[in-house]
Amino acid sequence: MNKIKKSIGERIFEVFNIVFMCCLCIAMLYPMIHVLCASFSSPQFMSGHKGILLWPKDFTVNAYKLMARNPMILKGYINTLIILVFGVTLNIILTSFGAYVLSRKSFIMRSKIMMMIVFTMYFSGGIIPFYFTVRTLGMENSLLALILPSAISTYNLIIMRTSFLSIPDSLEESARLDGAGHFVILFRIVIPLSKAVIAVMILYYAVGHWNSWFNAMLFLSDRKKFPLQLILREILIQNDTSMMVQNVGIGEQGLIGETIKYAVIIVSTVPILCIYPFIQKYFEKGVMIGAVKG
């Protein structure tokens, strides 16, 4: 079979794409590599280092050892995992229910309800009404304040609804002839055929819960309930490393404190990076579903 000969313009375009993508990958990977190498480098070296760092200098794990002294890191991990597990479970269940209802062509009010839902993407009541609503419902200083208010994302609901709309009507009609109800159709037909988009929803919701800190700052006053990201905010932004450098010399506290910050970033980033490879194969297909049919 003869291969189609590419024109000069097509070859130039391919070379440009390859170079551009390589530069883009380097731009995204370099900050991660720099932070990783800095977390394993000695504080004395990092204090005077400027520019690119592609390999740890004076390799040491002292930053990670000192970080482990902070009991709030482990407690924050546990709280975040609790929020992640219960939050994502609730997110997927409610988003699936909402998307199923809004994708039913027999549901007369679906267009009007969809317009009202989309309206919330552009307009909201603001932080103060949101705070008073959560407090009135008795969720203040509770992990529920970080789960229930974000139970459904409008954007994710639209993507899942579009995915459900792409399922052939003949499958639902056949199921109804066999006496299947809405729950049977949803859990035995619609959801099994939408594994790709559900995998993407799990990723979106999981990343959202993992990175969330603002609601925790608003509603939580008990430090034992702080999620990991709020603990990291204290360490990175408020420069609170005192609990981890108590036994370090006064002159070295500032130096080791900087490397602790790098170690904290790595510890908080690695778990979510480990999840992505397992659902990466569904990611592209699931995202593209939302662009096919509105």
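For the structure, see preceding data.
Residues numbered from 1 in each chain as written. Predicted model: local features only at pLDDT ≥ 70, side-chain atom pairs only at ≥ 80, totals over all residues. Heavy atoms only, no water.

*Asks:* Lay out the packing of helix 4 (residues 71-103) against helix 7 (residues 154-165) in plain terms, naming residues and giving numbers.
*Replies:* It is at 8 Å that the axes of helix 4 and helix 7 come closest, and there the two elements cross at 50°. Here helix 4 lies oblique to helix 7, going by the angle between them. In this structure, helix 4 crosses over helix 7, and the sense of that crossing is right-handed. Together, T95, S96, G98, A99, Y100, L102 and S103 of helix 4 and N156, L157, M160, R161, F164 and L165 of helix 7 make up the contact between the two elements. Looking at the contact of helix 4 with helix 7 residue by residue, the classes come out as 7 nonpolar, 5 polar and 1 charged. (Axes fitted to C-alpha atoms, helices over the stretch in contact; angles between N-to-C directions. Helix = DSSP H or I, 4+ residues; strand = E, 2+ residues; numbered from the N terminus. Parallel < 35°, antiparallel > 145°, perpendicular 65-115°, else oblique. Left-handed = near helix turned anticlockwise from the far one by under 90°. Contact = heavy atoms within 4.5 Å. Nonpolar A, V, L, I, M, F, W, Y, C, P; charged D, E, K, R; others polar.)

*Asks:* Mind laying out the environment of I167, listing which residues take part and the relevant values?
*Replies:* By the secondary structure assignment, I167 is in the loop between helix 7 and helix 8 (169-177). I167 sits 23 residues away from V190 along the chain, and the two C-alpha atoms are 7.3 Å apart.

*Asks:* Could you give me a rundown of the packing of helix 4 against helix 9 (residues 182-190), with the residues and numbers involved?
*Replies:* The contact between helix 4 and helix 9 brings their axes to 11 Å, and the two run at 110°. Between helix 4 and helix 9, the interaxial angle falls into the category roughly perpendicular. Within the contact between the two elements, helix 4 uses S96, F97 and Y100 and helix 9 uses H182, F183, I185, L186, F187 and V190. Taken together, the residues that form the contact of helix 4 with helix 9 break down as 7 nonpolar, 2 polar and no charged.

*Asks:* Describe in detail the side chain of N79, supporting the description with residues and values.
*Replies:* Looking at where N79 falls in the secondary structure, it is placed in helix 4. Separated by 2.9 Å, the side chain of N79 and the backbone oxygen of F226 make a polar contact. Sequence-distant contacts of N79, defined by excluding residues within four places in its chain, comprise K224, K225, F226 and P227. (Polar contact = N/O pair within 3.5 Å; in protein donor to acceptor, adjacent residues only side chain to side chain.)

*Asks:* Give a description of the side chain of N156 that names residues and reports values.
*Replies:* Assignment of secondary structure puts N156 in helix 7. Residue N156 is classed as buried on the basis of its relative accessible area of 4%. Once residues lying within four places of it in the same chain are set aside, the contact partners of N156 are T95, M201, Y204 and Y205. (Buried < 20%, exposed > 50% of the residue type's maximum accessible area, 1.4 Å probe, protein only.)

*Asks:* Let's hear about the packing of aromatic side chains: which residues, and what values?
*Replies:* Tallied over the entire structure, the rule returns 13 aromatic pairs. Their ring planes at 35° and their centres at 6.5 Å tell us that Y155 and Y204 sit as a pair that is tilted. Here Y204 lies in helix 10 (residues 195-211) and Y155 lies in helix 7, a separation of 49 residues in the sequence. By relative accessible area, Y155 is classed as partly exposed at 47%. Residue classification places Y204 among the partly exposed residues on the basis of a relative accessible area of 26%. Here the aromatic residues F130, Y131, F132 and F219 are joined through ring pairs into a cluster of three or more. (Phe/Tyr/Trp six-rings, centres within 6.5 Å; stacked < 30°, edge-to-face > 60°.)

*Asks:* Before we move on, could you go through the pattern of salt bridges and cite the residues and values that matter?
*Replies:* Using the criterion set out here, one finds 3 salt bridges in the structure. The salt bridge partner of K105 is D169, with a shortest N-O separation of 3.0 Å. Of this pair, K105 sits in the loop between helix 4 and helix 5 (110-122) while D169 sits in helix 8, and the two are 64 residues apart along the sequence. E172 serves as the salt-bridge partner of R176, at 3.3 Å between the closest nitrogen and oxygen. In this pair, R176 and E172 are both assigned in helix 8, 4 residues apart and thus about one turn of the helix distant. Here E172 falls in the buried class, since its relative accessible area comes to 18%. One connected set of salt bridges, linked through shared partners, spans R104, E172 and R176. (Salt bridge = Lys/Arg side-chain N within 4 Å of Asp/Glu carboxyl O.)

These results come straight from atomic positions and should not be treated as a statement about function.
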